[in-house]
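Spelled out from the first residue to the last, the chains are:
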Amino acid sequence: MSTENKDEDELSIPRAALNKMIKELIPNIRVANDARELILNCCTEFIHLVSSEANEICNKQSKKTISPEHIIAALDHLGFGNYKEDAEAVLEETKAVAAKKRRGSSRLENLGIPEEELLRQQQELFAKAKQEQALLEQQQWLQTQQALQQQQLQLPQQPDSNEDDYS
């Protein structure tokens, strides 16, 4: 495999993702393999074109990161202004999904357990852990006391210093 073919493979949309999109968009139509390849190349070229234009816009503004606004401006500059509304709608949807993920609410919503019940279970677990910790500390204290008693029993009885006869 030459390095040119390797570079093309690395800069391409995964075939599985493309096949899934085709199947979802036109489920009742068969698409030939060479047509799929052409779609893949067109998608890759489109992405390259838009990202290159967005990069130029970004550089002109002395920015180092391409933002969604740069992409939308690139669509306009390249004559794809009619996609602007769709792109903005997808951007808003993506932001909403990202915000939902950050909140972590989707995981809680998928459990099907009310938040109040989850809170009650959490408090129950905290109480149980606290009780177990107290029991453990009590056992450690008792073991320490027993060890001290054992040490005291093993020490030889020494006479009281007041009873020493110095005469």
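Refer to the structure above for everything that follows.
Computed from a prediction, not measured in an experiment: that's the story for all the values here.

The subject of this paragraph is the packing of aromatic side chains. Any two aromatic rings considered together are summarised by their centre-to-centre distance and by the angle between their planes. By the definition in use, this model includes 2 aromatic pairs. Ring centres 6.0 Å apart and planes at 45° place the aromatic pair Phe80 and Tyr83 in the tilted group. Given the relative accessible area of 43%, Tyr83 is considered partly exposed.

The next point concerns the layout of surface pockets. As a volume, the second largest pocket reaches approximately 290 Å³. If you go around the second largest pocket, the residues you meet are Phe46, Val50, Ile71, Leu75, Phe80, Tyr83, Asp86, Ala87 and Val90. When residues of the lining of the second largest pocket are traced back to their parent elements, those giving at least two are helix H3 (33-60), helix H4 (68-77) and helix H5 (84-103). In terms of residues, the lining of the second largest pocket owes the most to one element, H5, which gives 3 residues. Class assignment for the residues of the lining of the second largest pocket results in 8 nonpolar, no polar and 1 charged.

As a packed pair, H3 and H4 sit with axes 8 Å apart at the nearest point and diverge in direction by 110°. By the angle between their axes, H3 is roughly perpendicular relative to H4. Of the two elements, H3 crosses H4, and the hand of that crossing is right-handed. In this structure, H3 uses Phe46, Val50, Glu53, Ala54, Ile57 and Cys58 to contact H4, whose residues at the interface are His70, Ile71, Ala73, Ala74, Leu75 and His77.

Our next topic: a nonpolar patch on the surface. Nonpolar side chains collect at one region of the surface, where Met21, Leu25, Ile26 and Ile29 lie side by side and expose about 400 Å² of accessible area between them. Assignment of secondary structure puts Leu25 in helix H2 (residues 15-25).

What counts and what doesn't
Residues numbered from 1 in each chain as written. Predicted model: local features only at pLDDT ≥ 70, side-chain atom pairs only at ≥ 80, totals over all residues. Heavy atoms only, no water. Phe/Tyr/Trp six-rings, centres within 6.5 Å; stacked < 30°, edge-to-face > 60°. Buried < 20%, exposed > 50% of the residue type's maximum accessible area, 1.4 Å probe, protein only. 1 Å grid on protein atoms, 1.4 Å probe; cavity = no way out; pocket = protein on both sides within 12 Å on 5 of 7 lines; lining within 4 Å. Points joined across faces, edges and corners; volume = space filled by probe spheres on them. Helix = DSSP H or I, 4+ residues; strand = E, 2+ residues; numbered from the N terminus. Nonpolar A, V, L, I, M, F, W, Y, C, P; charged D, E, K, R; others polar. Axes fitted to C-alpha atoms, helices over the stretch in contact; angles between N-to-C directions. Parallel < 35°, antiparallel > 145°, perpendicular 65-115°, else oblique. Left-handed = near helix turned anticlockwise from the far one by under 90°. Contact = heavy atoms within 4.5 Å. Patch = residues over 30% accessible without salt bridge, like charges linked within 9 Å, V, L, I, M, F, W, Y side chains within 5 Å. Areas by Shrake-Rupley, 256 points an atom, 1.4 Å probe, with all protein chains shown as cover. Salt bridge = Lys/Arg side-chain N within 4 Å of Asp/Glu carboxyl O.

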